[in-house]
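Topology and contacts: notes
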Amino acid sequence: MASHREMDWCVAMPKVELHAHLNGSIRDTTLLELAKEKGNVVSVDMEHIILKHDRSLREVFKLFDLIHILTTDHETVTRITKEVVEDFAAENVVYLELRTTPKRNDAKGMSKKSYMQAVIEGLRAVKAVDIDFVPKLDAETLANCHSAGNLQSCLQRKKIHVRLLLSIDRRETTEAAMETVNLALQMKHLGVVGIDLSGNPTIGEWRTFLPALRFAKEQGLGVTLHCGEVPNPGEIYAMLDFLPGRIGHACFFEEDHWRKLKSYKIPVEVCLTSNIRTESISSLDVHHFADLYNSEHPLILCTDDPGVFSTSVSGEYILASTTFGLGQKEMFRLASNAVDFIFADNRVKEELKVTFASASRELD
Ligand code: 6MZ
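Quick caveat: nothing in here was measured; it's all calculated off a predicted structure.

**Concerning the packing of aromatic side chains**
Where two aromatic rings form a pair, the distance of their centres and the angle of their planes describe that pair. According to the stated counting rule, one finds six aromatic pairs in the structure shown. With 5.4 Å between their ring centres and 10° between their planes, phenylalanine 289 and tyrosine 293 make a pair best called stacked. Linking phenylalanine 289 with tyrosine 293, this pair stays in helix 14 (residues 289-294), spanning four residues, or about one helical turn. What makes tyrosine 293 partly exposed here is its relative accessible area of 23%. Taken together, a centroid distance of 5.8 Å and an interplanar angle of 80° make the contact between phenylalanine 332 and phenylalanine 356 edge-to-face. Of the two residues, phenylalanine 332 is situated in helix 16 (residues 328-337) and phenylalanine 356 in helix 17 (residues 346-363); the sequence distance between them amounts to 24 residues. Accessibility assignment for this pair places phenylalanine 332 and phenylalanine 356 in one class, buried. One aromatic cluster is present, formed by Phe289, Tyr293 and Phe324 through successive ring pairs. For the cation-ring pair, lysine 217 lies above phenylalanine 242, with the distance from its terminal atom to the ring centre recorded as 4.5 Å.

Take a look at the structure:
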């Protein structure tokens, strides 16, 4: 068990979150409020399901279908985006790559594009911290601070960089996947930096998504893939040979997969709590974190779905620390190394490096 002091230290440390799904990051209180408000459209006992902690992978995807019933309207998408960013910022996440699946919902007059516009509205609505999601915002914010004569207080405010990944759901067709990639390209100036392939790993085939993912890569978008969440050796090989910018999970890898992953040096988004809760990994002492960490393979500690799995980025660091014996120095190095694997441009990387350097002096 970590002491309060260790938890406080982990919260104070700047952190980078690269694998968090918007609809998996909603506050329990917000979900319960929405379930009460929209009670007539939800046929099961939502409260019980929302508050249940251990769920199999199959149950997790059932839960997402229920969450989507509650959240898929423009106003709610804006609300949850704002809250999720504020929650990550509150625990000193300084760079967040938030991923979400653009959804069409004809009954609500929602297209994939208007869904994403609602997400952007949510980013604009963040007031509790300074947020950088459009590159030009920085200069503007600074100019406003200057003109208001309060540069000092502006600089002391917390700041979070947010970039977006658009997810392709494995239930989608090639055409639908292509629509998402085209939308991402149209929204690059609003902070969209890449594409994610996610959704129920027992559904869909790699060749369905490949044309859209290949196009995304050719167009300069970052691509990250949920890879090896279930045993599917052929798909894992194909995914690794695609040379994605990063992969998530890697739970059901065999010897040859590890060899390939390591020779290609593909960074892995590691989600400890998620892997245990979904029973993809039987216990933390056999988790591949240890081998990847010891062989200095690039890895990033992430939450996956902090709402659904009741966790936080700081919590994941504490878990890694207590399970694998990482001290503060090692945790700090792990957090700051993550900057090398973000999909945002070098300007953001440089700024984050400065943030980590000054935090290292303060936390020392
Ligand atoms: C695979 C996951 C996931 O996109 O509606 N998602 N896909 N594995 C996981 N690990 C357990 N966790 C979340 O967020 C929810 C969607 O993200 C994907 C699923 O497609 C889920 O419906 P958005 O914001």
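**Considerations on unusual backbone geometry**
If you check the backbone angles, alanine 250 has positive phi at about 55° while not being a glycine. Along the chain, alanine 250 falls in the loop between strand 7 (246-249) and helix 12 (255-264). Take alanine 250: its relative accessible area is 0%, and that puts it in the buried class. You will see that glutamate 296, though not glycine, has its phi angle at about 55°, which is positive. Among the structural elements, glutamate 296 can be located in the loop between helix 14 and strand 9 (299-301).

**Observations regarding the pairing of strand 1 (residues 15-21)**
Counted residue by residue, strand 1 has seven buried out of seven residues, so it is predominantly covered. In this sheet, strand 2 (residues 93-100) lies alongside strand 1 in parallel orientation, the contact comprising five bridges. By the bridge assignment, lysine 15 is partnered in strand 2 with valine 93.

**Quick look at the confidence of the model for the chain**
Across the chain, the average pLDDT comes to 91, with 90% of residues at 70 or higher. A low-confidence stretch, residues 145-155 (pLDDT under 50), is modelled with six contacts involving residues beyond four sequence positions or located in other chains. Predicted complex metrics record ipTM = 1.00 and pTM = 0.93.

**So, the environment of aspartate 305**
Here aspartate 305 lies in the loop between strand 9 and helix 15 (313-324). What makes aspartate 305 buried here is its relative accessible area of 4%. Each C-alpha atom of the pair aspartate 305 and tyrosine 237 lies 26 Å from the other, and the pair is 68 residues apart in sequence. Leaving out residues up to four positions away in the same chain, aspartate 305 has contacts with His21, Gly24, Phe64 and Ser310.

Parameters and conventions
Residues numbered from 1 in each chain as written. Predicted model: local features only at pLDDT ≥ 70, side-chain atom pairs only at ≥ 80, totals over all residues. Heavy atoms only, no water. Phe/Tyr/Trp six-rings, centres within 6.5 Å; stacked < 30°, edge-to-face > 60°. Helix = DSSP H or I, 4+ residues; strand = E, 2+ residues; numbered from the N terminus. Buried < 20%, exposed > 50% of the residue type's maximum accessible area, 1.4 Å probe, protein only. Lys NZ or Arg CZ within 6 Å of the ring centre and 35° of its normal. Pairing = 2+ DSSP bridges. pLDDT = per-residue confidence, 0-100. Contact = heavy atoms within 4.5 Å.

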